[in-house]
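# Per-entry structural report
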Amino acid sequence: MSERAPLDLDAIRARLADADGPAYWRGLEELSATDEFRDFLAHEFPENADQWGGDGVNRRRFLQLMSASFALAGLSACTRQPEEKIVPYIDQPEELVPGKPLFFATALSWRGYAVPVLVESHMGRPTKIEGNPQHPAFPAGGTDAFTQASILNLYDPARAQVVSHAGTIASWESLISALAPVLQAQAASGGAGFRILSGATTSPTLAAQMKDLLARFPQARWDRWDAIPRDAVRAGAQAAFGAPVAARYRFDRADAILSLDGDFLAGNPASVRYAADFASGRRIRRDRVKLSRMYAAESSPSLEGAVADHRIALRPGGVGDLARAVASAVGVASGSNAPLSAAAARFAAAAAKDLGAHRGASLVVAGEGQPPEVHALAHRMNHALGNVGATVELTDSVEVDPVPSLDSLRRLVEEMQAGSVELLVVVGGNPVFDAPADLDFRKALAKVRESVRLGFWEDETSEWCRWNVPMTHALETWSDLRAFDGTVTIAQPLIAPLYQGKSVHELVAVLAGSPDRTSHDLVKDYWRSQRPGLDFDAFWKRSIHDGFVAESGLPARNLAPSAAAANAVAAPSAPGGLDLVFRPDPTLWDGEWANNGWMQELPKPLTRLTWDNAALLSPATAARLGLASEDVVALSAGGRSVKAPVLVVPGHPDDVVTAHLGYGRRRVGAVGRGTGFDAYHLRVSAALSGASGATIAKTGAAWPLASTQLHQTMDGRSLVRAASLAKFRENPAFAREAGEDPAKDETLYKPAPLPLPASDPAWGMAIDLNTCIGCAACVVACQAENNSPVVGKEQVIRGREMHWLRIDRYYQGGLENPKTYFEPVLCMHCENAPCEVVCPVGATVHSPEGLNEMIYNRCVGTRYCSNNCPYKVRRFNFLQFADATTPSLKLMRNPNVTVRSRGVMEKCTYCVQRISSVRIESEKRGSPIRDGEIKTACQQACPAGAIVFGNIHDRESAVAAMKAEPLNYGLLTELNTRPRTTYLAKVWNPNPEIGGEA
Amino acid sequence: MTEIPEKTASLSGGPVLEPGHTYRSVTEKISSIALARRTPKEWWIGFGVSFLLMMLLLGAVGHLFMKGIGVWGLNIPVGWGFDITNFVWWVGIGHAGTLISAILLLLRQEWRTSINRFAEAMTLFAVACAGLFPLIHLGRPWVFYFLFPYPDTMRLWPQFRSPLVWDVFAVSTYATVSLLFWFVGLLPDLATLRDRAKRRPAKIVYGILAMGWRGSATHWHRYETAYLLLAGLATPLVVSVHTVVSFDFATSVIPGWHTTIFPPYFVAGAIYSGFAMVLTLSIPLRAFYGLEDFITMRHLENMAKVLIATGLIVAYGYAAELFMAWYGGNPYEQFLVKNRAFGPYWPAYWSLILCNIVAGQLLWFKRIRTRPWVLWGIAIVINVGMWLERYVIIVVSLTRDFMPSIWRSFHGSRWDWATFVGSIGLFLSLLFLFIRFLPVISIAEMRSLVDETEGREE
Amino acid sequence: MQIFHRSTNFLAKLSIFGSLFIAAGLAGAAWEIYQSPWTTQVNVPKEQPVPFSHEHHVRGLGLDCRYCHTSVETSAFAGIPPVKTCMTCHSQIWTNAEMLEPVRASYRNGRSIEWTRVHDLPQFVYFNHSIHVNKGIGCASCHGRVDEMPITWQVNSLYMRWCLSCHRDPKPFLRPRDQIFNMSYAPPADQAALGERLAKEYHLLNTAQMTDCVTCHR
């Protein structure tokens, strides 16, 4: 399984053919019955394999179910409770109040940059990660989906757990003693054969450590490789400014934005901030009738395209051509211009005019997938438009001595091939899996005498390194990192390493010959050296408490790009061939998240696909090639080929195939095994972001894809209501008028005990569709907060995913370039809830404060409530979905939320556990609950502030204000459900010169 | 053959008991089935097969309890599939018995006498099957008792606004009354069997069941009164039960469920399927045990006519749904109708139209009505049709309701099918036992018909 | 020919009535079992690794509840004292009492004592001590006269019916804030009036809110 072989679906189907029973399987690993045992030990979600009966009941699963049902029998009063033990501390920590959570500020790492977070800890167990609104770089707080899901990695039983040598269990000490002679030898040669490979980093401490290390080994080298490199960004800046300058964007100041394959809303180290800023430009209110206007040219569907007022889908080269056209229109020398299609030309002209009209308030952003010259061009345009200093801030590079990571890796591999590398230390990453295929890192690795790997997972790379050291999770170690603006966060551990994990600092310390130094010492000493003076302890305490080092951000510099216009015209794509576009996967990124059940099951924002990646094609191209979704094709480029399932995506550029990287892992925990296909197999160093001249051949096989949304249009129903800015000005209440809203008393039943006197709260929520960017952070946040289980691929195919909050994605308009709408749908907490009247046992009832409650221990599971819910937001535990066995996962659970068992209905509760704890506090202090004191998990995670929750009785509350907006409307109000969750209708800001959406 | 005294000239001509029968012959003929020393091989085969199917049910339910509802094909949005479909189907079938016994009795329709007994038995067994599903369809069947109003340590009661609670009462009442009705009706015959039985065990068992019936004038007098009262009691139930069942859907908000026509339409459908089932069973029965004299062409014809009538009501129901969708102008309703007829489930819809409406019309022809086996075929087709009707109402409505984003389809898993087929096995097993050990036709009441054939012996 | 003796008629009648009585009897028995200490554990002293006597510590030495149950006023969980708390005194007195060996052992080898839970609510009940003591419910109201218990037991069934009896009408149980931890507090004659007054003073939630399901179940 180590050989980089493409996912062989034919073999699988063959296997299936002789396997009896219908062809449903939990994953490829089930078919290739390798180390099943490990699978079982390491299960995120229960085995549902044999619900189809064909394959025998496995004993563990049986016990699991029985134990669960016994547990339940326990709940139903007729048995007496088993005796429980209660175990006190020996010596209780000062700050700890038993039963109350503590919050600590620290930082996770994303592509080497800091993600400042607040972590909730229950009795020493980190259980939930939130953004840190104190942090200057992220004043709005909020997180992305990865940050939310990171807590699951911490407790993942499939983590690398022990130090091993050549496959046998070893110890940290044995590694140290084994390395000593090797290092001695290297010291002699000045480290000529000593190489370190890691990803980009911003850690000042690590930088200092490496500096020190390289001083000891002058011949040694620190190479860098990121599977999703930011080389083009760096090279672009280099080309424009002669230095790897970093650019920060201020979307909140931009009125006209041009995105060239932009990817600033997701995956970028600053995405959370950018999303907030972008949202502030899209937030339309009675007293602020103003919208920024966004143009997106893209070679693969993205969030930027989805939220853009004008979007054009182009071949990858086409984006560059369009950029040049715009550039010359705004007065930037852009070299030879390739001819544009009529549409593109109109688009470019309009965009250029708009940008020009908003000098100093416009913004041109190029995506990491675009070549350096496009980035350079973007810089020049921003400069020409007077945006530098306004919407663009230029700073020195935040990364520690940035190097072009492809060159760096290529050079390293050459040396490895030549056998001149004697000691290779691989920190994190997974080069064996994700290095460019033509370099064949694995073969090269075999030629290295001694290799040490510090890795979080047991992955393809650790398999081929002689020494393997488990890496600590960010919440297990001290460290320091810079956010995208340079602000440093000193990261503190919340829990001792669950396994034998070591941090990068400790490993480097060993290499530097001081093996006994802990991360804490290393980081603290570094900062002591930086802050000489008596106030160090105060500084240290404050920095750790606040979660950032005050005034450590990098100052903006005023730079002008060189006028040099070396803009090679993009290579014309081979006739007939397809352009292949590589993108990091929206939920698995570069593959590091392959074993994270939450990310695997998180529907990808645009495709709504879970548990797989696919070859994305436009409807026209698919039709031309005679392909349909789920067809397995042989996707070939540059003489390499993989088998991949097709997924047809409206709005995808024609003659382009998008392949998301990161799937098709072969050495990964049970969760990630057998999901998707390996696009890295096609990615060569010559074409990191995409290749032209790709071909597709139908194999005749089919591969089921698990999408959570099978119908893409609203079918003429006014679920998402939208209008152009002009239309909105004509009739601000267009949304409300699009549906009817019966009077409160139009019901046969006597109205619920509502409303309470205005002194009591009435909970409600409003969601602003203008600011929602569909990033799905809320979905994972909800899952983390409410202990929602992961159900697995075929359960999703069966239609049994358990997300309490789903983001509906609707298309409107033609297949070539439809408008995309995101609509988060959760329980509406209807005042006349249809679910409540039909429950025979009163397991779902209405609270006086307007919550629609779900009482698990009363539920008998008739599913009548779900049938009668017009929004279909209820979720049913068809099987024992919640993992009742894996110990580490028990640690992760939110102690204030019941872990639901098989056979009960569940749904969004408006995070009632948060409401109750805040209410209790307010009752104790004797003052009413303040507006914003209660934040639901989704609201707290939303980077764009699109979700607002609060007391609608309180006229002053944010939610009341939103509900008073003319754009406010409820879903399906004609059914007289009187939903407490309402929406602010979408308003587009189209450019009249292009027209389009009206 | 002699002309019919006009007092029995009911629905159609033809005798309700072929001439030439005497009290003895009637008694002999019927009781011999129950008292025969050796059981016919065919019975063993029939019973064996249905017993195996019943075991299949046992296995399926066991598997279900072990693993959970997930073994079925259900999902969100389709929370009810085969389970409730079967429930409604069986309850429907359970209507004919009481209708025949109670209402026809009150209407003094003598042609009912020879078919009422096993129609009632069939009702009981059908209701037994029906009762099974609301129980096993629960996510947590072990707390089914939450549905009953009992004093508990939580001070909690069922939620009486929920139609499911109404179901609990409606169905259990119906089951109880039908059981009493059937048993009371059996008393005289049980006594007969007791007296005619040769072996002592049989004597004792029948004796206990007969509860000391001696056929005295008082007994007969009380019996008649009680029977009549029970009939009166059962009559409203025939209408109420399926009305209540239809509320499960009518009171919801789901397009295709939320319809005021459901109560009458469901009751008619129930009687339709009920009579179809009576025919399905009686035709082979009379053929095998040679009961043509007791279950005469006239019975079959009359039942066929009832089928035409109720079938037309059902057809009217379908028409009304289409009309309301068009006339009501509710976009969701309109979509629903389109979706039923032309959506992914069109085959189910059109075959139900075929089975329930088109097939029924053949019964207008006397030539068809009087050919038992043709009649039998049609009856079976109607049974299938009625199952499909419920499937279309329940499942197809759920697959696509209000929000396209969560539209999904449903397909029964192998466990769905096993449970369904198994329940038929349960039904048949019970029926076979009944046929073997109890008089399939009311001996006492048949005797009362004897005189009309002027075959009375001096 | 007669199979049954006349007397069987009597048996028949008897069996009809009999069955009724049997049914009633079973129901009654079930009810009794629910109420019985065997299920509720009421008044059943629990075996403990160390026979800790609240009677001695509270009544005898006059320790306040909060000396050990530190978080009762601030947290959902009243708190079980860390061994260190025991050692604050027992490092000085009874330093070699056989009875206290487990405590010392635990302190030495850092392995916690495993106490047996006395008041154990089902997992789906979310009870919060702090709000109750802050709203005038005394310890003794639920835990009984712990100060008279040589070994701790439970005095109330902790059944939902029992919780509701107070949540539906808390007034009879309300105390002045300064009496919460007073074990021997006896409600005054005019508790009715006092309850009224305190209910206002504490501004308790209305009954609808206090008997709302999610008040205790999530």
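Only a predicted model underlies this, so the values are computations on that prediction, with no experimental measurement involved.

### Structural notes on the overall build of chain A
Across its full length, chain A carries 32 helices and 39 strands. Residue pairs at least 24 apart in sequence account for 75% of intrachain contacts in chain A once pairs closer than 6 positions are excluded. Accessible surface for chain A amounts to roughly 32400 Å². Of this, 56% is attributable to carbon and sulfur atoms.

### Quick word on the interface of chain C and chain B
Counting residues at the interface gives 11 residues for chain C and 13 residues for chain B. Of the roughly 1100 Å² buried at the junction of chain C and chain B (both faces included), carbon and sulfur atoms supply 66%. For chain C, the biggest contributors to the area lost against chain B are Ile3, Phe4 and Arg161 of chain C; these three give 46% of the whole. One can count zero salt bridges joining chain C with chain B. At the boundary of chain C and chain B, one finds zero residue pairs in polar contact (both at pLDDT 80 or more). Counting only elements with at least two residues in the side of chain C that touches chain B, the list comes to helix H1 (7-35) and helix H9 (160-168) of chain C. Here the side of chain C that touches chain B takes five residues from H9 of chain C, the largest share from any one element.

### Observations regarding the sheet that holds strand E4 (residues 125-131) of chain A
Residue and element names in this part refer to chain A. Pairing in this open sheet of three strands is antiparallel, and the strands run E2-E3-E4 from one edge to the other. The open sheet terminates on both sides in strands that have one partner only, identified here as strand E2 (102-110) and E4. Each strand axis lies, on average, 40 degrees off the axis of its neighbour in the sheet, ignoring direction. Relative to strand E3 (residues 113-122), E2 is paired through nine bridges, and the arrangement is antiparallel. The residue of E3 that forms the bridge with threonine 106 is valine 117.

### What to know about the domain arrangement of chain A
Residue and element names in this part refer to chain A. Partitioning chain A into domains gives domain 1 (102-144), domain 2 (164-229 + 401-546), domain 3 (246-395), domain 4 (578-707) and domain 5 (721-746 + 761-988). The gap between the C-alpha centroids of domain 1 and domain 2 is 24 Å. On the side of domain 2, 22 residues touch domain 1, which itself brings 22 residues to the contact. Interface area, domain 1 with domain 2, both sides summed: about 1700 Å², of which 67% is carbon and sulfur.

### Brief notes about the sheet that holds strand E36 (residues 947-951) of chain A
Across the sheet, four strands lie side by side as E36-E29-E38-E37 (chain A); this open sheet has mixed pairing. The sheet terminates laterally at E36 and strand E37 (968-969) of chain A, the two strands that pair on one side only.

### Side note on the packing of aromatic side chains
All names here are of chain A. Scanning all chains against the criterion turns up 73 aromatic pairs over all chains. Measuring from ring centre to ring centre gives 6.0 Å for tyrosine 274 and phenylalanine 484, while their planes differ by 65 degrees; the resulting arrangement is edge-to-face. Residue tyrosine 274 is located in helix H9 (residues 271-282), and its partner phenylalanine 484 is located in the loop between strand E18 (479-482) and strand E19 (488-491); the two are separated by 210 residues in the primary sequence. There is no split in this pair, since tyrosine 274 and phenylalanine 484 are both buried. Residues tryptophan 478 and tryptophan 540 carry aromatic rings whose centres are separated by 5.7 Å and whose planes lie at 20 degrees to one another, so their mutual orientation is stacked. Here tryptophan 540 lies in helix H20 (residues 536-546) and tryptophan 478 lies in the loop between strand E17 (467-470) and E18, a separation of 62 residues in the sequence.

### Considerations on the packing of helix H7 (residues 204-216) of chain A against helix H18 (residues 504-511) of chain A
Residue and element names in this part refer to chain A. The interhelical angle for the contact between H7 and H18, taken along N-to-C directions, is 15 degrees, at an axis separation of 10 Å. Regarding the angle of H7 to H18, the classification is roughly parallel. With respect to the hand of their crossing, H7 and H18 are arranged in left-handed fashion. Judged by residue contacts, Thr205, Leu206, Gln209, Met210 and Leu213 of H7 engage Val504, His505, Val508, Ala509 and Leu511 from H18. Partitioning the contact of H7 with H18 into residue classes produces seven nonpolar, three polar and no charged.

What counts and how
Residues numbered from 1 in each chain as written. Chains lettered and ligands numbered in written order. Predicted model: local features only at pLDDT ≥ 70, side-chain atom pairs only at ≥ 80, totals over all residues. Heavy atoms only, no water. Helix = DSSP H or I, 4+ residues; strand = E, 2+ residues; numbered from the N terminus. Contact = heavy atoms within 4.5 Å. Areas by Shrake-Rupley, 256 points an atom, 1.4 Å probe, with all protein chains shown as cover. Buried area = accessible area lost by both parts, 1.4 Å probe. Salt bridge = Lys/Arg side-chain N within 4 Å of Asp/Glu carboxyl O. Polar contact = N/O pair within 3.5 Å; in protein donor to acceptor, adjacent residues only side chain to side chain. Pairing = 2+ DSSP bridges. Axes fitted to C-alpha atoms, helices over the stretch in contact; angles between N-to-C directions. Domains from an automatic or database assignment. Phe/Tyr/Trp six-rings, centres within 6.5 Å; stacked < 30°, edge-to-face > 60°. Buried < 20%, exposed > 50% of the residue type's maximum accessible area, 1.4 Å probe, protein only. Parallel < 35°, antiparallel > 145°, perpendicular 65-115°, else oblique. Left-handed = near helix turned anticlockwise from the far one by under 90°. Nonpolar A, V, L, I, M, F, W, Y, C, P; charged D, E, K, R; others polar.

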